[in-house]
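Architecture at a glance
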Amino acid sequence: MKQNEEKEREQRRLEEERELERHKERERARQAVERATKEARERAAVEARAKAEREARQRSERAAVQRAQQEARERAAVEAKERAERATAEAKERAAAEGKEKAASQARDRAAAERAAVERAQQEARKRAERAAVERAAAEARERQAAAARDKTSKPDDLESFFGMGARANSAPKQRAPTVDSMFHSQTQNRGSSTSTSMKKASSTTNIADDLSAIFGGAPTSEEFQEVDGESEERRRARMERHQRTRERAAKALAEKNERDMQQQREQAERHRLAETLDFEIKRWAAGKEGNLRALLSTLQYVLWPECGWQPVSLTDLITAAAVKKVYRKATLCIHPDKVQQKGANLQQKYIAEKVFDLLKEAWNKLNSEELF
């Protein structure tokens with residue numbers, strides 16, 4: 001029994017040792033697993049950190065690339081904008097320079113046209129003055145010839161009366177010899193008549209000289225103040241003041257006339273310049289509507305300026321003749337040249353009003369003639 005107990009104890013001890021050994025092995029296995037797991041976790045953590053670092057580097061690189069691309073795009077956009085602005089500024093400068101050159105050219109052309117118009121007007125005025133002077137000289141020459149012819153025709157009658165008186169000398173009493181007083185009186189009368197004739201000739205010569213001096217730009221001799229012998233100082237002063245006032249009024253009237261002529265010439269030159277562009281616009285508006293009063297009235301707003309006060313009229317409001325007449329009267333009151341002048345319109349507006357007024361009047365006359373027949 002004792003041996004059996006010892007065997008059992010030995011067997012239990014061996015089992016305990018084996019169990020302890022197994023426990024140690026399990027512990028070593030567990031520790032090995034834990035070490036392996038820990039190493040795996042550490043490796044995974046290292047790999048994760050490396051991966052995160054790689055991803056962070058990649059993200060930073062991508063962000064840097066994107067920033068560089070964005071900056072490049074922005075720089076390109078800024079450069080393109082600057083180039084466009086420079087090109088626009090250069091185009092504007094070129095357009096402004098061309099506009100200035102064109103305006104200067106137009107101004108030179110207008111000035112040349114005005115000078116040419118003024119020269120033509122002055123030349124025409126000189127020609128008219130020359131013709132008037134020549135006509136006056138010819139008329140005076142004809143009058144002198146007629147007077148000479150009358151003198152020639154009257155001389156035979158005088159001779160006939162003289163010889164008739166000689167034939168009746170025997171029956172008529174003798175005349176007394178002329179006395180000194182009668183001779184002096186006769187000479188005085190002859191001198192007076194000759195003086196009057198010479199004054200008339202001098203007056204006509206003076207008029208011709210004035211006309212010629214006016215033609216060639218000289219001062220008329222008749223405008224000079226004439227001294228009178230034996231005249232009192234007060235009368236002379238009054239006559240001189242009246243003469244100066246007359247000359248001033250004449251000079252003022254001449255200056256005003258010249259100013260009006262120059263203004264008319266400038267307006268005429270401006271009208272010629274405006275006609276080049278406005279005639280095209282007016283013809284384009286009236287194309288296909290010539291003589292058609294209804295079509296002209298219904299589209300009148302497309303050719304008139306906004307400030308004229310014209311209210312557009314529809315074509316459906318112009319069916320009856322009474323409606324056409326009413327609208328035509330309104331249109332003529334709106335664009336009549338005198339009314340437009342009173343409203344203070346400029347030259348372009350007056351030109352348009354005149355042309356449109358003529359077209360409407362022509363269409364109105366055509367409409368009336370068609371209604372009559």
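An unreviewed UniProt entry lists the protein under the name Auxilin-related protein 1, with Zea mays as the source organism.

Here we come to the overall build of the protein. Along the backbone of the protein there are seven helices and zero strands. Going from the N terminus to the C terminus, the protein shows its helices and strands as α-α-α-α-α-α-α. Residues classed as buried in the protein amount to 16% of the 373 residues present. By sequence separation, contacts in the protein at least 24 residues apart represent 57% of the contacts at least 6 residues apart.

Tallied over the full model, the rule gives 15 salt bridges. Taking the shortest distance from any N to any O, the salt bridge between Glu19 and Arg26 comes out at 3.4 Å. The class of Glu19 is partly exposed, set by a relative accessible area of 36%. With a shortest N-O distance of 1.9 Å, Glu27 and Arg30 are connected by a salt bridge. On the criterion of helical spacing, the pair formed by Glu27 and Arg30 is a turn pair, its members being three residues apart in helix α1 (residues 2-167).

As a further point, take the packing of aromatic side chains. Using the criterion set out here, one finds one aromatic pair in the structure. Judged by centre distance (4.5 Å) and plane angle (5°), the ring pair of Tyr328 and Trp364 falls under stacked. Of this pair, Tyr328 sits in helix α5 (residues 321-335) while Trp364 sits in helix α7 (residues 347-372); the two residues are 36 residues apart in sequence, bridging distant segments of the chain. By relative accessible area, Trp364 is classed as buried at 12%.

Within the element layout of this structure, Lys289 appears in the loop between α3 (233-286) and α4 (293-298). It is Glu290 that comes nearest to the buried, bridge-free Lys289 among opposite-charge side chains, at 7.7 Å. In contact with Lys289, other than residues within four places in its own chain, are Ala295, Leu296 and Thr299.

Moving on, we get to α3. Residues three or four positions apart in an α-helix share a direction because the helix packs 3.6 residues into each turn. For α3, which comprises 54 residues, the first-to-last C-alpha distance of 73 Å matches the rise-based estimate of 80 Å (1.5 Å per residue) to within 8%. At Ala275, α3 shows its largest kink, close to 45°. Just downstream of α3 lies Gly288, where phi reads positive at about 80°.

A separate point is α5. Over its 15 residues, α5 runs 21 Å from end to end, which matches the ideal 21 Å to within 8%, given 1.5 Å per residue. Here α5 has its buried residues at Ala323, Val324, Val327, Tyr328, Ala331, Thr332, Cys334 and Ile335. Considered in projection along α5, the buried side chains sweep an arc of 165° and stay on one side of the axis. Structural note: α5 exposes Ala322, Lys326 and Leu333 on the side pointing more than 90 degrees away from its buried face.

Counting 35 residues, the largest nonpolar core has Leu293, Leu297, Leu300, Leu304, Trp310 and Leu360 as the members making the most contacts within it. At the level of elements, α3, α4, α5 and α7 are the ones that each hand at least two residues to this core. Tallying contributions element by element places α7 first for this core, with 10 residues. Here Leu293 is in contact with Val324, Tyr328, Leu360, Ala363, Trp364 and Leu367, once residues within four sequence places are set aside.

With that out of the way, let us pick up the state of the cysteines. Counted by the stated rule, this structure contains zero disulfides. Its sulfur unpaired, Cys308 is 4.3 Å from the next cysteine sulfur, which belongs to Cys334. The class of Cys308 is buried, set by a relative accessible area of 8%. For Cys334, a relative accessible area of 10% puts it in the buried group.

The next subject is the confidence of the model for the protein. Mean pLDDT for the protein: 76, with 76% of residues reaching 70 or above. In the predicted structure, residues 155-222 sits below a pLDDT of 50 and forms 21 contacts with residues beyond four places in sequence or in another chain.

Parameters and conventions
- Residues numbered from 1 in each chain as written.
- Predicted model: local features only at pLDDT ≥ 70, side-chain atom pairs only at ≥ 80, totals over all residues.
- Heavy atoms only, no water.
- Helix = DSSP H or I, 4+ residues; strand = E, 2+ residues; numbered from the N terminus.
- Buried < 20%, exposed > 50% of the residue type's maximum accessible area, 1.4 Å probe, protein only.
- Contact = heavy atoms within 4.5 Å.
- Salt bridge = Lys/Arg side-chain N within 4 Å of Asp/Glu carboxyl O.
- Phe/Tyr/Trp six-rings, centres within 6.5 Å; stacked < 30°, edge-to-face > 60°.
- Lys, Arg positive; Asp, Glu negative; His and termini not counted.
- Expected span 1.5 Å × (residues − 1).
- Bend = angle between axes of the 7 residues up to and from the residue.
- Arc of directions from axis to C-beta.
- Core = buried A, V, L, I, M, F, W, Y, C linked by side-chain atoms within 4.5 Å.
- Disulfide = S-S within 2.5 Å.
- pLDDT = per-residue confidence, 0-100.

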